[in-house]
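Structural overview for review
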Amino acid sequence: MTEPLDDLDMNARDYPNKEALVDSKNRLTFLQAKQKAERLALEFIELGLNKGQVVVVQLPNIIEYFIVRWALQRAGLVGLYMGMNIRHQEIEFVLNKAKAMGMVIVAESRGFDYFEMSQEIKAKFPQLKHIFVVGDTIRDGAMSIREIIGRPLIKEPADNTFAETWVKAGDLSEIRMTSGTTGFPKLVNFTSYFRKLIRGGELSNRFNVTNKDIFAALAPLTGGGSGPPCKGLAQS
């Protein structure tokens, strides 16, 4: 049994040296992105995170956003994506509902200390065992995403490495939050099948997308207008 090929796998196979992701600090080809996503997925599994468990993702528009997203899919984990403006009260409300086992955050952004917030929240939720941080300075109590994905793979994963865990058609693949303008935010479940429909060939054909096109994420990837084109069309 082998896991299904997703857009990243196909692009890494067909365009291994083509640039896939760019932010203000890093540039990755499709093959490099695939290798880093697989390295992170293996780490998730080795840490004991099980298929179907929830991991909160609160990241800005950086390369690691996509690496984490692809890794969660391979490890069979459900990403609960929230905007950068979400704070203690909303996160605690969501954790009571979703029972997340981990968080992926940046240490600090725009003067706000996300790591400190994660530690304050973790003290109230014992099931929140794993705090993963993207950044150059990692404090005690956190695991470095960049250190994990920077480790070389001893060997390429076999074709069936993620066969049992991979998020398949119809599986819950991600949870998104509503804006919560009239109260606490609501959680909306998305299956991998629905996500595939969004990014599928119909939209690519409608906008005449080719492998030479470049998409810029100027709005937030979570909760903003950059999500559908950059997480869908640009990877299809």
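Note that this is a predicted model, so its numbers are computed, not measured. (Residues numbered from 1 in each chain as written. Predicted model: local features only at pLDDT ≥ 70, side-chain atom pairs only at ≥ 80, totals over all residues. Heavy atoms only, no water.)

Here the focus is the pairing of strand S8 (residues 130-134). Taken across its 5 residues, S8 has 5 buried, putting it largely inside the fold. Of the two faces of S8, both are covered, the one formed by His-130, Phe-132 and Val-134 as well as the one formed by Ile-131 and Val-133. Taken together, the 5 bridges between strand S5 (residues 102-106) and S8 define a ladder with parallel strand orientation. Its bridge partner lying in S8, Met-103 is registered against Ile-131. Note: S8 against strand S9 (residues 143-144), 2 bridges, orientation parallel. (Buried < 20%, exposed > 50% of the residue type's maximum accessible area, 1.4 Å probe, protein only. Helix = DSSP H or I, 4+ residues; strand = E, 2+ residues; numbered from the N terminus. Pairing = 2+ DSSP bridges.)

What follows covers the packing of aromatic side chains. Applying the stated criterion to the full structure yields 6 aromatic pairs. For the pair Phe-66 and Trp-70, a centre-to-centre distance of 6.0 Å together with 40° between the ring planes defines the contact as tilted. Note that Phe-66 and Trp-70 are positioned in helix H3 (residues 63-75) at a spacing of 4 residues, about one turn of the helix. A single burial state applies to Phe-66 and to Trp-70, both of which are buried. Directly above the ring of Phe-112 sits Arg-87, whose terminal nitrogen or CZ lies 3.8 Å from the centroid. Geometry around Phe-190 places Arg-176 over its ring, the cationic atom sitting 3.9 Å from the centre. (Phe/Tyr/Trp six-rings, centres within 6.5 Å; stacked < 30°, edge-to-face > 60°. Lys NZ or Arg CZ within 6 Å of the ring centre and 35° of its normal.)

Here we come to the packing of helix H1 (residues 7-14) against helix H2 (residues 30-46). Two elements in contact, H1 and H2, have axes whose closest approach is 8 Å; the angle formed by their N-to-C orientations is 135°. When the axis of H1 is compared with that of H2, the two are oblique. Two packed elements cross with a definite hand, and for H1 against H2 that hand is left-handed. Residues Leu-8, Asp-9, Asn-11 and Ala-12 of H1 form the contact with H2, whose participating residues are Phe-30, Leu-31, Ala-33, Lys-34, Ala-37 and Glu-38. When its residues are assigned to classes, the contact of H1 with H2 shows 6 nonpolar, 1 polar and 3 charged. (Axes fitted to C-alpha atoms, helices over the stretch in contact; angles between N-to-C directions. Parallel < 35°, antiparallel > 145°, perpendicular 65-115°, else oblique. Left-handed = near helix turned anticlockwise from the far one by under 90°. Contact = heavy atoms within 4.5 Å. Nonpolar A, V, L, I, M, F, W, Y, C, P; charged D, E, K, R; others polar.)

To continue, consider unusual backbone geometry. Phi is positive for Lys-99, which is not a glycine, with a value near 55°. With respect to the secondary-structure elements, Lys-99 resides in the loop between helix H4 (88-98) and S5. Positive phi, normally seen in glycine, also occurs at Arg-110, with a value near 55°. Here Arg-110 shows up in the loop between strand S6 (108-109) and strand S7 (112-113).

Attention shifts here to the sheet that holds strand S11 (residues 187-191). A sheet is described by the order of its strands in space; here 7 strands give the open sequence S9-S8-S5-S3-S4-S10-S11, paired in mixed fashion. Pairing within the sheet leaves two strands with one partner each, and these edge strands are S9 and S11. Bridge count for strand S3 (residues 54-58) against strand S4 (residues 78-81) is 4 bridges, and the pairing is parallel. Across the sheet, Val-56 pairs through a bridge with Leu-80, a residue of S4.

Moving on: H4. Those residues of H4 not exposed but buried are Ile-91, Glu-92, Val-94, Leu-95 and Ala-98. Across the axial projection of H4, the buried residues extend over an arc of 165°, all falling on one side. Pointing more than 90 degrees away from the buried face of H4 are the exposed residues Gln-89 and Lys-97. Those residues of H4 that are buried lie in contact with S3, S4, helix H5 (114-122), strand S10 (172-177) and S11. Two residues or fewer after H4 comes Lys-99, characterised by a positive phi angle close to 55°. (Arc of directions from axis to C-beta.)

So far we have only geometry, and geometry alone does not tell us how the molecule works.
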